[in-house]
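# What the coordinates show
Take a look at the letters that make up each chain.
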Amino acid sequence: MLERSKKLSVHVRYNTQVARINETTDSVNVSFQNGDVESYELVVGADGIHSGLRKMVFGEEHQFSHYLGYGVAAFQTAHRDEIGSSVKIYQEPNRSSIYYPVSGKAMDSVFLFPCENTERVAKEDYKNVLLNTYAGSKWINQEVIQNTPNDSIGFFDVLKQIQMPTWMKSRVCLVRDACACLSPIAGQGASTAMLEAYVLSNELKKSTNVQECLARYESILKPDIECRQALARHIANRFVPASVKEIVWYRWLTRMEFSSLLVHRTANGFKGKIHQI
Ligand SMILES: Cc1cc2nc3c(=O)[nH]c(=O)nc-3n(C[C@H](O)[C@H](O)[C@H](O)COP(=O)(O)OP(=O)(O)OC[C@H]3O[C@@H](n4cnc5c(N)ncnc54)[C@H](O)[C@@H]3O)c2cc1C
């Protein structure tokens, strides 16, 4: 992407952030923290679930946050033989872990657990919270947490979605997690990010009227993204079953849903939608 930006003479700014945004009728004036000021026809906020641009233009995060009841921590560590070469999900009542082999040498570890506290945990407490939550946990869970320095725990947050009445305001729009985070459990954040960028750029090619393009971008995608969010909310508790009975039930249900007959039917159902886009 960086190479392509260079070829197109896109100016990439490092070590600075947007400090202020002022909209006029035909442009958006952006002031950067390093003192630079630029004027643009369109500003796209792609700065993730805790988007600063969203806060500046649309308001505080809590207005759009929908908490799903779980905490999530994720980090990368050295690969362990127990993982082998496929994803492993390990569940105990009220605490789950997912291990992904990244290469022969590393693995991603994700921990999901019920979490009442909707405030963000302080960085220096990440490891202690995990150690307490997974105290007595079996298989490799405790060892992985014990062997990981607090500073290596790169991601620790509550599981939530961002739901907004609109993704655009005049000449500013948001994409992906900034406007419609599905939550990590949906497993579709990266692919829908590309889909949204593709649809937005396609619409922008069609007309010089930026607001019309943004309105079309939103109307094409928002209904579909809202369905994906509803599905993610619906399945959230499957990732952290509350009892052994629930673990067994959800495992059976998931096997049924991924049975070849149903996968075939679902894929056929999607075909029409993909062609429409
Ligand atoms: C633990 C975990 C597991 C996941 N698993 C999957 C999966 O298996 N499959 C899948 O498809 N998705 C998965 N996701 C979701 C996926 O990672 C996100 O949906 C996706 O990355 C969102 O893309 P984004 O560009 O909107 O935001 P991000 O990827 O969060 O990117 C935002 C970027 O903006 C930068 N930024 C933030 N603030 C500023 C600022 N003020 N100025 C400049 N830059 C800024 C950030 O540094 C970051 O680089 C997972 C997420 C998590 C947390």
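Residues numbered from 1 in each chain as written. Predicted model: local features only at pLDDT ≥ 70, side-chain atom pairs only at ≥ 80, totals over all residues.

For the rest of this paragraph, the subject is the overall build of the protein. In terms of helices and strands, the protein carries 9 helices and 11 strands. The principal-axis extents of the C-alpha atoms in the protein amount to approximately 60 × 45 × 35 Å. Burial statistics for the protein: of 277 residues in total, 25% are counted as buried. Sequence-distant contacts in the protein: of pairs separated by 6 or more residues, those separated by 24 or more amount to 62%. (Helix = DSSP H or I, 4+ residues; strand = E, 2+ residues; numbered from the N terminus. Buried ≥ 20, exposed ≤ 12 C-beta atoms within 10 Å, placed from the backbone. Contact = placed C-beta atoms within 7 Å.)

Let us now look at the sheet that holds strand 1 (residues 18-23). Within the open sheet, the 3 strands sit side by side as 1-2-3. Their pairing is antiparallel. The open sheet has two free edges, formed respectively by strand 1 and strand 3 (37-40), since each of these has just one partner strand. The mean angle between the axes of side-by-side strands here comes to 20°, regardless of whether they run parallel or antiparallel. When strand 1 meets strand 2 (residues 28-32), the two strands line up antiparallel, connected through 5 bridges. Each residue of the ladder has a partner; that of Ile21, found in strand 2, is Val30. (Pairing = 2+ DSSP bridges. Axes fitted to C-alpha atoms, helices over the stretch in contact; angles between N-to-C directions.)

What follows concerns the sheet that holds strand 11 (residues 172-174). In space, the 3 strands of this open sheet follow the order 4-11-10, with mixed pairing throughout. Of all strands in the sheet, those bounded by a partner on one side alone are strand 4 (43-45) and strand 10 (168-169). As judged from the 2 bridges shared by strand 10 and strand 11, these two strands associate in the antiparallel manner. Across the sheet, residue Met168 finds its bridge partner in strand 11, namely Cys173.

Moving on: the packing of helix 6 (residues 189-206) against helix 7 (residues 210-239). Put simply, helix 6 and helix 7 touch, their axes get as near as 8 Å, and they point 150° apart. Viewed along their axes, helix 6 and helix 7 adopt a mutual orientation that is roughly antiparallel. Considering only the axes of helix 6 and helix 7, their crossing is right-handed. On helix 7, the residues that touch Thr192, Glu196, Val199, Leu200, Glu203, Leu204 and Lys206 of helix 6 are Cys213, Arg216, Tyr217, Ile220, Leu221 and Ile225. Residues of the contact of helix 6 with helix 7, tallied by class, amount to 8 nonpolar, 1 polar and 4 charged. (Parallel < 35°, antiparallel > 145°, perpendicular 65-115°, else oblique. Left-handed = near helix turned anticlockwise from the far one by under 90°. Nonpolar A, V, L, I, M, F, W, Y, C, P; charged D, E, K, R; others polar.)

Time to look at the pairing of strand 5 (residues 65-78). The pairing of strand 5 with strand 9 (residues 155-162) spans 7 bridges and is antiparallel. Its bridge partner lying in strand 9, Val72 is registered against Asp157.

Here we come to the nonpolar core. Of all hydrophobic cores here, the largest spans 45 residues; its most connected members are Ala73, Leu112, Cys173, Cys179 and Ala180. Domain assignment of the residues forming this core places at least three in each of domain 1 (2-63 + 163-238) and domain 2 (67-160). (Core = buried A, V, L, I, M, F, W, Y, C linked by C-beta atoms within 7 Å. Domains from an automatic or database assignment.)

Let's shift gears to the environment of Cys227. For Cys227, the position within the fold is in helix 7. Distance in space between the C-alpha atoms of Cys227 and Leu182 is 9.9 Å, their sequence separation being 45 residues.

Here we take up the site of the ligand. Around the ligand lies a shell of 19 residues, among which Gly48, Arg176, Pro184, Gly189 and Ala190 are the nearest. Listed by contribution, the elements that provide at least two residues to the shell around the ligand are strand 5, helix 5 (177-180) and helix 6. Per-element tally for the shell around the ligand: the top contributor is helix 6, with 4 residues. When residues of the shell around the ligand are assigned to domains, at least three fall in each of domain 1 (2-63 + 163-238) and domain 2 (67-160). (Near = placed C-beta within 6 Å.)

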